[in-house]
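Listed here are the chains, written in short residue letters.
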Amino acid sequence: MTLIYPGSFDPVTLGHTDIAMRGAKIATRLIVAVLDNTNKQPLFSTAERIAFLQDALGHIGNIEIDSFSGLLAEYAKHKHATAILRGLRSPGDFESEARYATCNRLLSASNIETIFIPASPPLSFISSGIVREAALYINNLDDAALRNMVSPMVQDALKKRFNSK
Ligand code: PNS
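Conventions adopted
Residues numbered from 1 in each chain as written. Predicted model: local features only at pLDDT ≥ 70, side-chain atom pairs only at ≥ 80, totals over all residues. Heavy atoms only, no water. Helix = DSSP H or I, 4+ residues; strand = E, 2+ residues; numbered from the N terminus. Rg over C-alpha atoms; globule rule 2.2 N^0.38 Å. Near = heavy atom within 4 Å. Polar contact = N/O pair within 3.5 Å; in protein donor to acceptor, adjacent residues only side chain to side chain. Salt bridge = Lys/Arg side-chain N within 4 Å of Asp/Glu carboxyl O. Buried < 20%, exposed > 50% of the residue type's maximum accessible area, 1.4 Å probe, protein only. Phe/Tyr/Trp six-rings, centres within 6.5 Å; stacked < 30°, edge-to-face > 60°. Axes fitted to C-alpha atoms, helices over the stretch in contact; angles between N-to-C directions. Parallel < 35°, antiparallel > 145°, perpendicular 65-115°, else oblique. Contact = heavy atoms within 4.5 Å. Pairing = 2+ DSSP bridges. Right-handed = clockwise from strand over helix to strand, strands pointing away.

A. Up close: the overall build of the protein. A tally of helices and strands in the protein yields seven helices and five strands. Ordered by position from N to C terminus, the α and β elements of the protein give β-α-β-α-β-α-β-α-β-α-α-α. Expected size for 165 residues packed as a compact globule is a radius of gyration near 15 Å; at 16 Å, the protein falls within 12% of this value. For the protein, the spread of C-alpha atoms along the three principal axes comes to 50 × 30 × 30 Å.

B. The arrangement of the site of the ligand in detail. Around the ligand lies a shell of 13 residues, among which Ser-8, Leu-71, Leu-72, Arg-86 and Cys-103 are the nearest. The side chain of Ser-8 places a nitrogen or oxygen atom 2.6 Å from an oxygen atom of the ligand. Arg-86 has a polar side-chain atom sitting 2.9 Å from an oxygen atom of the ligand. Contributions of two or more residues to the shell around the ligand are made by strand E1 (2-7) and helix H4 (91-107). Of all the elements, H4 adds the most residues to the shell around the ligand, at four residues.

C. Up close: the pattern of salt bridges. Applying the stated criterion across every chain, the model contains seven salt bridges. As a salt-bridge pair, Arg-161 and Glu-48 come within 2.9 Å of each other at their nearest N and O atoms. Here Arg-161, found in helix H7 (residues 152-162), pairs with Glu-48, found in helix H2 (residues 46-57); they are 113 residues apart in sequence, far enough to count as distant. Assessed through its relative accessible area of 27%, Glu-48 is described here as partly exposed.

D. Main features of the packing of aromatic side chains. Within the structure shown, the criterion is met by four aromatic pairs. The interplanar angle of 75 degrees and the centroid separation of 5.3 Å between the aromatic rings of Tyr-5 and Phe-9 together place this pair among those described as edge-to-face. The interplanar angle of 25 degrees and the centroid separation of 5.0 Å between the aromatic rings of Phe-68 and Tyr-75 together place this pair among those described as stacked. Assigned by exposure class, Phe-68 and Tyr-75 land together as buried.

E. Main features of the packing of H2 against H7. Put simply, H2 and H7 touch, their axes get as near as 9 Å, and they point 150 degrees apart. In terms of orientation, H2 and H7 fall into the roughly antiparallel class. Facing Glu-48, Ala-51, Phe-52 and Asp-55 of H2, the residues of H7 in contact are Met-153, Val-154, Ala-157 and Arg-161.

F. Main features of the pairing of E1. With six of its six residues buried, E1 lies for the most part within the structure. The alternating pattern of E1 places Thr-2, Ile-4 and Pro-6 on one face and Leu-3, Tyr-5 and Gly-7 on the opposite face, and all of these are buried. Both E1 and strand E2 (residues 29-35) contribute to a ladder of six bridges, which runs parallel. Pairing of Tyr-5 across the sheet is with Val-32, part of E2. For the crossover from E1 across helix H1 (residues 14-26) to E2, the handedness is right-handed. Summarising the sheet, E1 and strand E4 (residues 83-88) pair through two bridges and their orientation is parallel. What sits directly across from Leu-3, in E4, is Ala-83.

Here it is as structure tokens:
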């Protein structure tokens, strides 16, 4: 079974890597797909976001890292995916994610389903948005707080981006 785990991953967090690793245990092939969205200005380029994901997950045999643009339902069909994988950090996430899941199913000729995996409790507070905001304001980006949220490679990249002392 091929699963697609799509996202902005701007940047990938420890929460994302936890979901990807758990998803890879139930899939024969898991494609982590970075949204290459030209309308939105991400903090990190698509190439950087792919490099962070390769660093975090590239050692797992059945995980591939890719990027896509346009409709997720079409990309999933092109990859012959059985289902889309999404993580749920809180019950509140389910509201918007259920809408996306229904929309993707209706947009897909093969009625693609979405599988949800709940975030591991210690990681459920982490989001890329929180990481970006913390990195902007935190005085010392070597701080242990960031180490609990992202990989060392992402932490280094945030340090360079925000030119922390
Ligand atoms: O990490 P994110 O930002 O929550 O991921 C959102 C993502 C990439 C899954 C979503 O924006 C997406 O699938 N975009 C592609 C366009 C699309 O197919 N939209 C869904 C219409 S129902």
